[in-house]
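Remarks on the overall topology
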Number of protein chains: 2
Amino acid sequence: MAGKERAGRQPAISRRTGSRTRIVSKEPIHEQILPHIRRDIVLNRWAPDERLPEMELCEEFGVSRTPLRDVLKILEVEGLVTLVPHIGAVVTPLNTPDLAEKLEAMSGLEQISAMKVAELQPPAALKQIKRLHKAMEEAAKNGQTTKYYALNDEFHRAVVLGSGNATVAKMHETVMWHVSRARNYANEREPLNQSAAEHHDAIVDALERGDPEGAARAMREHLAEVIVNVLERVARPAARGGDREIKDSAA
Amino acid sequence: MAGKERAGRQPAISRRTGSRTRIVSKEPIHEQILPHIRRDIVLNRWAPDERLPEMELCEEFGVSRTPLRDVLKILEVEGLVTLVPHIGAVVTPLNTPDLAEKLEAMSGLEQISAMKVAELQPPAALKQIKRLHKAMEEAAKNGQTTKYYALNDEFHRAVVLGSGNATVAKMHETVMWHVSRARNYANEREPLNQSAAEHHDAIVDALERGDPEGAARAMREHLAEVIVNVLERVARPAARGGDREIKDSAA
DNA sequence: TGACGCAAATTCCTATACAATATACGAAAT
DNA sequence: ATTTCGTATATTGTATAGGAATTTGCGTCA
């Protein structure tokens with residue numbers, strides 16, 4: 001026992017974020033640090049293509065290599081990280097075709113969710129969706145853009161959760177991490193315009209009317225517009241969001 | 001070093017399957033054994049609720065705990081395995097609500113894929129889909145049920161891959177592992193009947209016609225019928241497939 | 001029969017070691 | 001000066017040992 005360091009667990013402290021997140025729960029360590037590292041990637045605190053050195057992360061969170069490598073493995077399955085043999089974990093590069101693919105998947109998942117909500121019309125979910133819709137209108141009218149964005153995310157998530165399908169919800173959550181990462185990278189936000197408002201109206205109408213195909217179509221048309229905006233702002237040199245730009249292809 | 005066992009890697013031999021799968025590639029060990037263990041679970045060689053003892057699997061594949069635990073972590077993200085602290089890896093239990101959810105997700109992913117194929121009409125994919133469709137008709141006419149099942153799986157996979165969206169394809173692949181596991185558990189197979197044939201016709205027609213909404217609807221109606229069959233055969237005591245039955249709820 | 005408690009087994013994590021590979025750096029050649 | 005090459009260093013992949021925490025099994029006792 002000549003170890004110079006004591007073996008006890010240190011509190012997990014993120015050097016990168018500065019936040020002190022003392023860990024007291026008894027859940028496995030990798031489950032505790034996973035959300036932190038994932039969040040750092042989605043927020044671009046680790047940039048695309050950047051390497052994640054094991055030892056640095058071990059020190060940052062005060063854990064050994066074993067649970068840390070667990071986290072990196074999980075992040076690889078989620079696609080946020082790429083594990084290259086003998087190089088290690090690299091933040092998955094951003095590129096336009098992949099992003100387009102993810103947006104399309106997101107749209108598809110929200111469409112089938114909307115269809116299901118319109119079909120089942122679960123009262124609690126409908127109520128929640130209508131509440132968020134109204135709050136969004138209010139925020140838009142008052143020019144509260146930040147609040148609007150948050151509500152908009154909640155609105156879409158509420159539709160997905162409202163379908164009651166945890167499998168679809170999990171898929172949606174995962175793909176949303178990718179989309180959020182790209183939008184954060186380019187400082188892109190949901191447009192706050194007349195067209196979006198009309199689309200939201202149409203979606204809510206179809207859900208209340210119990211019109212599955214109409215709900216799916218309304219969601220599809222809404223997201224088609226969103227996708228165009230995201231790809232415009234993320235793939236091309238941003239007008240005001242700095243000079244960030246992602247590669248056009250990975251092939 | 002007083003280790004009584006030699007440290008060199010043994011060839012990976014599956015005791016459970018009896019198949020000798022010598023591993024020579026230089027890709028990481030966990031990538032090599034992952035497909036084997038996953039396959040064993042999908043084929044119910046490890047039954048639902050059964051524990052996967054680490055040491056036993058280590059010996060089976062001739063690897064140490066480190067890469068084996070990597071595999072179990074990945075399988076947990078995929079949902080085929082549940083990792084319980086201090087108990088370890090357990091094959092995820094089967095239950096009707098979860099299965100219904102997965103079938104619904106599968107249907108949704110195939111719908112949006114069909115929509116995309118009808119929209120883009122990629123020549124290679126269309127050709128492949130038509131080829132498989134014809135081969136299925138042929139197999140059905142000749143009563144080649146096993147061949148029919150294989151072709152049917154390929155048909156659905158071809159539609160998903162034809163959409164050209166790798167993200168959706170990956171989601172579909174993952175959810176299909178779950179569906180296959182349940183069907184294998186209950187010896188359930190795609191019905192080979194008139195209704196399914198008509199649905200397949202309608203799907204191919206819509207794809208060739210370039211009718212996205214029609215393709216989605218045809219796929220939806222087809223899968224609605226499949227889902228009813230699967231749930232009937234899997235959730236209830238099987239008529240001829242033995243006396244297997246899965247729990248009705250996990251809650 | 002049922003409840004309790006101890007012992008054994010298993011897992012989670014730490015720590016360490018070594019092999020395989022990548023990266024960095026400097027020397028040699030052009 | 002630039003490029004090429006080879007060596008030294010750093011990092012990762014895997015193996016392994018051991019302690020802490022927890023579950024599981026078994027035996028005892030009421």
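These remarks concern the structure in this document. (Residues numbered from 1 in each chain as written. Chains lettered and ligands numbered in written order. Predicted model: local features only at pLDDT ≥ 70, side-chain atom pairs only at ≥ 80, totals over all residues. Heavy atoms only, no water.)

Right, let's talk about the interface of chain A and chain B for a bit. Contacts between chain A and chain B engage 27 residues on the former and 27 residues on the latter. Of the roughly 2500 Å² buried between chain A and chain B, counting both surfaces, carbon and sulfur atoms make up 59%. By the criterion of area lost to chain B, the three top residues of chain A are A:Lys73, A:Glu101 and A:Met171, representing 20% of everything that side buries. Scanning the region where chain A abuts chain B turns up eight salt bridges. Residue A:Arg220 is joined to B:Glu213 by a salt bridge in which the shortest nitrogen-to-oxygen separation is 2.9 Å. Joining chain A to chain B, the criterion identifies 14 residue pairs in polar contact (both at pLDDT 80 or more). Per-element tally for the side of chain A that touches chain B: the top contributor is helix H4 (residues 96-120) of chain A, with ten residues. By residue class, the composition of the side of chain A that touches chain B is twelve nonpolar, six polar and nine charged. (Contact = heavy atoms within 4.5 Å. Buried area = accessible area lost by both parts, 1.4 Å probe. Salt bridge = Lys/Arg side-chain N within 4 Å of Asp/Glu carboxyl O. Polar contact = N/O pair within 3.5 Å; in protein donor to acceptor, adjacent residues only side chain to side chain. Helix = DSSP H or I, 4+ residues; strand = E, 2+ residues; numbered from the N terminus. Nonpolar A, V, L, I, M, F, W, Y, C, P; charged D, E, K, R; others polar.)

On to the packing of aromatic side chains, then. Residues and elements named next belong to chain A. Going through the model one piece at a time under the given rule, you end up with two aromatic pairs over all chains. Measuring from ring centre to ring centre gives 6.2 Å for Tyr148 and Tyr149, while their planes differ by 75°; the resulting arrangement is edge-to-face. Looking at Tyr149, the relative accessible area reads 23%, which means it is partly exposed. (Phe/Tyr/Trp six-rings, centres within 6.5 Å; stacked < 30°, edge-to-face > 60°. Buried < 20%, exposed > 50% of the residue type's maximum accessible area, 1.4 Å probe, protein only.)

Look at the two chain copies: a rotation about an axis and a shift along it is all it takes to match them. The operation relating chain A to chain B is a screw motion whose rotation component is 180°, with 0.0 Å of axial translation and a residual RMSD of 0.1 Å. Such values leave the two copies arranged in the relation of a two-fold axis. When you check the interface residues of chain A against chain B, 100% turn up at the interface there too, and the contact is symmetric in its surfaces. (Least-squares fit on C-alpha atoms with pLDDT ≥ 70 in both.)

Residues and elements named next belong to chain A. Two strands pair when backbone bridges link them, and strand E2 (residues 81-84) and strand E3 (residues 88-91) are joined in this way by four bridges, in the antiparallel orientation. Looking across to E3, one finds that Thr82 is bridged to Val90. The antiparallel hairpin formed by E2 and E3 contains three residues in its connecting segment, where His86 sits at a positive phi of about 65°. (Pairing = 2+ DSSP bridges.)

Another point: the protein's contact with DNA strand D. Close to DNA strand D lie 20 residues; A:Arg65, A:Arg69, B:Ile29, B:Ser64 and B:Pro67 are nearest. Considering the 4 Å shell around the protein, atoms of DNA strand D inside it are sugar or phosphate in 74% of instances. B:Thr66 is positioned such that a nitrogen or oxygen atom in its side chain is 3.3 Å from a base nitrogen of DNA strand D. Broken down by secondary-structure element, the contributors of at least two residues to the surface near DNA strand D are helix H3 (65-78) of chain A together with helix H3 (65-78) of chain B. Taken together, the residues of the surface near DNA strand D break down into eight nonpolar, five polar and seven charged. (Near = heavy atom within 4 Å.)

Of all hydrophobic cores here, the largest spans 87 residues; its most connected members are A:Leu109, A:Ile129, A:Leu207, B:Leu109, B:Ile129 and B:Leu207. Ignoring anything within four residues of it in the chain, the contact list for A:Leu207 reads A:Ala114, A:Val117, A:Ala118, A:Gln121, A:Leu126, A:Ile129 and A:Ala215. (Core = buried A, V, L, I, M, F, W, Y, C linked by side-chain atoms within 4.5 Å.)

Turning our eyes to something else, we now look at the packing of helix H2 (residues 54-61) of chain B against H3(B). All names here are of chain B. Interaxial distance between H2 and H3 falls to 10 Å at its minimum, and their mutual angle equals 110°. Looking at the two axes, H2 sits roughly perpendicular to H3. Our pair here, H2 against H3, has a crossing hand that is right-handed. Within the contact between the two elements, H2 uses Glu54, Met55, Leu57 and Cys58 and H3 uses Arg65, Leu68, Arg69 and Leu72. Of the residues that constitute the contact of H2 with H3, the class distribution is five nonpolar, no polar and three charged. (Axes fitted to C-alpha atoms, helices over the stretch in contact; angles between N-to-C directions. Parallel < 35°, antiparallel > 145°, perpendicular 65-115°, else oblique. Left-handed = near helix turned anticlockwise from the far one by under 90°.)

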